[in-house]
Amino acid sequence: ASKRESRNTFNFYSAEMKVTALRHMALEKGLRNAIARNELSIHYQPQLDIRSDKVSGAEALLRWQSSELGSVSPVEFIAVAEETGLIYSIGEWVLRTACTQVKSWRDTGMYLPKIAVNVSVKQFSHVGFVALVQQVLEESGLEPEVLELEITESVLMKDGDQAFTTLNALKALGVQLAIDDFGTGYSNLAYLKRFPIDKLKIDRAFISAEQANKENQAIVTAIIAMADSLDMSVTAEGVETKGQLDFLKLQQCDDVQGFLLSRPLPVQNAGDFLLSHGKAANDAKDSSDT
Ligand code: C2E
Ligand code: MG
Ligand code: MG
Ligand code: MG
């Protein structure tokens, strides 16, 4: 039995590996042409300032509608883009497209004080990254303080000294810096303190309804207190229920992002969302002016 079993196990693994390898090849092949074929787009997910109840920004989230593979999750294709180096051109496309879009929204009078763009580890570590950000800001005409770059804790862990230099160069440009998926890595207060970070985004694993428990709530409370002592603001990701929002409000969390407010929206719908919410914000401002 054992001989047959091990042979089956071997076959099972090799078949699985083959499927994975084929999928990887297909993704790589498709991604190489994705920009040229116009298959990439950006969805924008609004964020809310809990205290003022106004839109405080939006996060740019990449979408890929492949002609051969259909819709592919960024969780899957960003990893392939990282491994193959395609992330450089894709990341540049996201940065340029998002900055240009937000500049044009703001030029037409829409209220959107911030656009968050995700930056992968490899992209961040590239020698030309700071120059690229500067170039995109100049070309798009977007005010630097409107751009927020989201990096993960792994960027800080990989090469702390290099990250320190790059982050300071980015701060010198005037952009905002946020740590994404905070709480899933291993950075502690003492370590974080040396970096010029403006914001922590609490990972949605600590927020989500399925995992709502005392332990996660204690973690959220601790992160907010820690951020406060470091003069950083806090955004909670993955807020889906009113109960979660109430808890975060009580804890004095600054901003929320999640399905409760809005799903990530295609550009047209995002514009509509901002138009209606910006109008409400302007109305409130007008009435307080008079
Ligand atoms: P992320 O940066 O942490 O983005 C938040 C993710 O949570 C998004 O998934 C968003 O759709 C999802 N989300 C937002 N609100 C809720 C909610 O209330 N409930 C639940 N269950 N999910 C919510 P998405 O768009 O699939 O992106 C996944 C990840 O892919 C992102 O996580 C980010 O790490 C990466 N990614 C997306 N776009 C880019 C990009 O342009 N560049 C890079 N480097 N990575 C990107
Ligand atoms: Mg993000
Ligand atoms: Mg996140
Ligand atoms: Mg605070």
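In case you missed it, the structure is sitting above this.
Given the structure is predicted, the values throughout are model-derived calculations rather than measurements.

(A) Structural detail: the coordination of the magnesium ion (ligand 3). Bound to the magnesium ion (ligand 3) are the protein donor atoms D180 (OD), D181 (OD), E237 (OE) and E237 (OE), situated 2.0 to 2.4 Å from the metal. Each donor residue of the magnesium ion (ligand 3) belongs to the same chain, with the gaps between them written as D-D-x55-E. Between the two metals, the magnesium ion (ligand 3) and the magnesium ion (ligand 2), the spacing is 4.1 Å, and D180 donates to both. Of this pair, D180 sits in strand β6 (residues 176-182) while E237 sits in the loop between β8 (233-236) and α10 (242-250), and the two are 57 residues apart along the sequence. For the pair shown, D180 and E237 are each scored as buried.

(B) Up close: the nonpolar core. Counting residues in each nonpolar core, the largest one holds 78 residues, and the members touching the most others are I115, L147, L149, L200 and L248. Of all the elements, helix α3 (residues 87-107) adds the most residues to this core, at 8 residues. Dropping the residues within four chain positions of it, L147 is found in contact with L95, C99, I115, V117, V133, L137, L142, V175 and Q176.

(C) Quick look at the packing of helix α5 (residues 129-140) against helix α7 (residues 160-173). Relative orientation of the contacting elements α5 and α7 amounts to 15°, with a least axis distance of 10 Å. Considering the angle they form, α5 stands roughly parallel to α7. Handedness of the crossing formed by α5 with α7: right-handed. The segment α5 lies against α7, with F129, V130, V133 and Q134 engaging T166, A169, L170 and L173.

(D) Broad picture of the site of ligand 1. Neighbouring ligand 1 are 22 residues; R63, N118, D180, E240 and F259 lie closest to it. In the environment of ligand 1, a nitrogen atom lies 3.1 Å from a nitrogen or oxygen atom belonging to the backbone of L62. In the model, an oxygen atom of ligand 1 is placed 2.9 Å from a nitrogen or oxygen of the N118 side chain. Isolated, ligand 1 exposes 800 Å² of accessible area, and the fraction of that covered by the protein chains is 83%. Those elements that provide at least two residues to the shell around ligand 1 are β2 (54-66), α2 (74-84) and β6. Among the elements that take part in the shell around ligand 1, β2 stands out by supplying 4 residues, more than any other. Of the residues that constitute the shell around ligand 1, the class distribution is 9 nonpolar, 5 polar and 8 charged.

(E) Spatial organisation of the coordination of the magnesium ion (ligand 2). Taken together, the protein donors to the magnesium ion (ligand 2) comprise E59 (OE), N118 (OD1), E150 (OE) and D180 (OD), at separations of 2.0 to 2.2 Å. Counting gaps between the donor residues of the magnesium ion (ligand 2) yields the pattern E-x58-N-x31-E-x29-D.

The rules we used
- Residues numbered from 1 in each chain as written.
- Chains lettered and ligands numbered in written order.
- Predicted model: local features only at pLDDT ≥ 70, side-chain atom pairs only at ≥ 80, totals over all residues.
- Heavy atoms only, no water.
- Donors = N, O, S within 2.8 Å, 3.2 Å for Na, K, Ca; no water.
- Helix = DSSP H or I, 4+ residues; strand = E, 2+ residues; numbered from the N terminus.
- Buried < 20%, exposed > 50% of the residue type's maximum accessible area, 1.4 Å probe, protein only.
- Core = buried A, V, L, I, M, F, W, Y, C linked by side-chain atoms within 4.5 Å.
- Contact = heavy atoms within 4.5 Å.
- Axes fitted to C-alpha atoms, helices over the stretch in contact; angles between N-to-C directions.
- Parallel < 35°, antiparallel > 145°, perpendicular 65-115°, else oblique.
- Left-handed = near helix turned anticlockwise from the far one by under 90°.
- Near = heavy atom within 4 Å.
- Polar contact = N/O pair within 3.5 Å; in protein donor to acceptor, adjacent residues only side chain to side chain.
- Areas by Shrake-Rupley, 256 points an atom, 1.4 Å probe, with all protein chains shown as cover.
- Nonpolar A, V, L, I, M, F, W, Y, C, P; charged D, E, K, R; others polar.

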